[in-house]
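Now for the letters of each chain:
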Amino acid sequence: QVQLVESGGGSVQAGGSLRLSCTASRYIYCMSWFRQSPGKEREGVATMYIPGSTTLYDDSVEGRVTISADVASNSVFLEMNILQSEDTAMYFCAAAWCPRARGLSASEYDYWGQGTQVTVSS
């Protein structure tokens, strides 16, 4: 099993930035960020295949979001800029053992963190 712990969420004004962190209990190849708002399904934000540094972003955040990893600490980060009210959601870190890059479907991931809330006010 792999435990994931997120941090970095909070309240920010529209146009601001946040940096979310996710630390895994061990090295795992595929790590991603998802978000979920009340009444909506969990949606993929960004994913990274760490061995190959392959990244994929949802169209709604491309250009404003960067996913990165620090292998030494088994961590991934989500840098979010120019935040909008539509970005308000609970953000979840997800991970999976994988032979190659994963996509942004929640069903592709085996391990989940408890989430960190991001609230963007305008």
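A brief structural summary. (Residues numbered from 1 in each chain as written. Predicted model: local features only at pLDDT ≥ 70, side-chain atom pairs only at ≥ 80, totals over all residues. Heavy atoms only, no water.)

Right, let's talk about the state of the cysteines for a bit. Inspection of every chain in the model, using the stated rule, returns two disulfides. Sulfur-sulfur distance for the disulfide between Cys 30 and Cys 98 comes to 1.9 Å. Since a negative S-S torsion denotes a left-handed disulfide, the Cys 30-Cys 98 link at about 100° is right-handed. Note that Cys 30 is positioned in strand S4 (residues 30-36) and Cys 98 in the loop between strand S9 (89-96) and strand S10 (111-112), a separation of 68 residues in sequence. You can call Cys 30 buried: its relative accessible area is 0%. (Disulfide = S-S within 2.5 Å. Helix = DSSP H or I, 4+ residues; strand = E, 2+ residues; numbered from the N terminus. Buried < 20%, exposed > 50% of the residue type's maximum accessible area, 1.4 Å probe, protein only.)

Its identity is not glycine, yet Asn 74 carries a phi of approximately 55°, on the positive side. Of note, Asn 74 is situated in the loop between strand S7 (65-70) and strand S8 (75-80). A relative accessible area of 18% places Asn 74 in the buried class. Even without glycine at this site, Ile 82 takes up a positive phi of about 50°. Note that Ile 82 resides in the loop between S8 and S9.

Its location among the elements puts Met 31 in strand S4. For Met 31, a relative accessible area of 1% corresponds to the buried category. Distance in space between the C-alpha atoms of Met 31 and Ala 106 is 11 Å, their sequence separation being 75 residues. Ignoring sequence-local partners within four residues, the contact set of Met 31 consists of Leu 4, Cys 22, Ala 24, Thr 47, Met 48, Ile 50, Ile 67, Asn 74, Val 76, Cys 93, Ala 94 and Ala 95. (Contact = heavy atoms within 4.5 Å.)

With that out of the way, let us pick up the environment of Cys 22. With respect to the helices, strands and loops of the structure, Cys 22 is situated in strand S3 (residues 18-24). Relative accessible area serves as the criterion here: at 0%, Cys 22 is assigned to the buried category. Remark: the alpha-carbon pair of Cys 22 and Glu 6, spanning 16 residues in sequence, is separated by 4.3 Å. With residues near it in sequence (within four places) discarded, Cys 22 still touches Leu 4, Val 5, Glu 6, Met 31, Trp 33, Asn 74, Ser 75, Val 76 and Cys 93.

A few words now on the pairing of S4. Within S4, six of the seven residues are buried, which leaves the element mostly enclosed by the surrounding structure. Pairing of S4 with strand S5 (residues 43-49), which is carried by six bridges, proceeds in the antiparallel orientation. Looking at S5, one finds that Trp 33 is bridged to Ala 46. Joining the antiparallel neighbours S4 and S5 is a turn of six residues, in which Gly 39 adopts a positive phi near 80°. Relative to S9, S4 runs antiparallel, the two sharing seven bridges. Bridge pairing links Phe 34 to Phe 92 in S9. (Pairing = 2+ DSSP bridges.)

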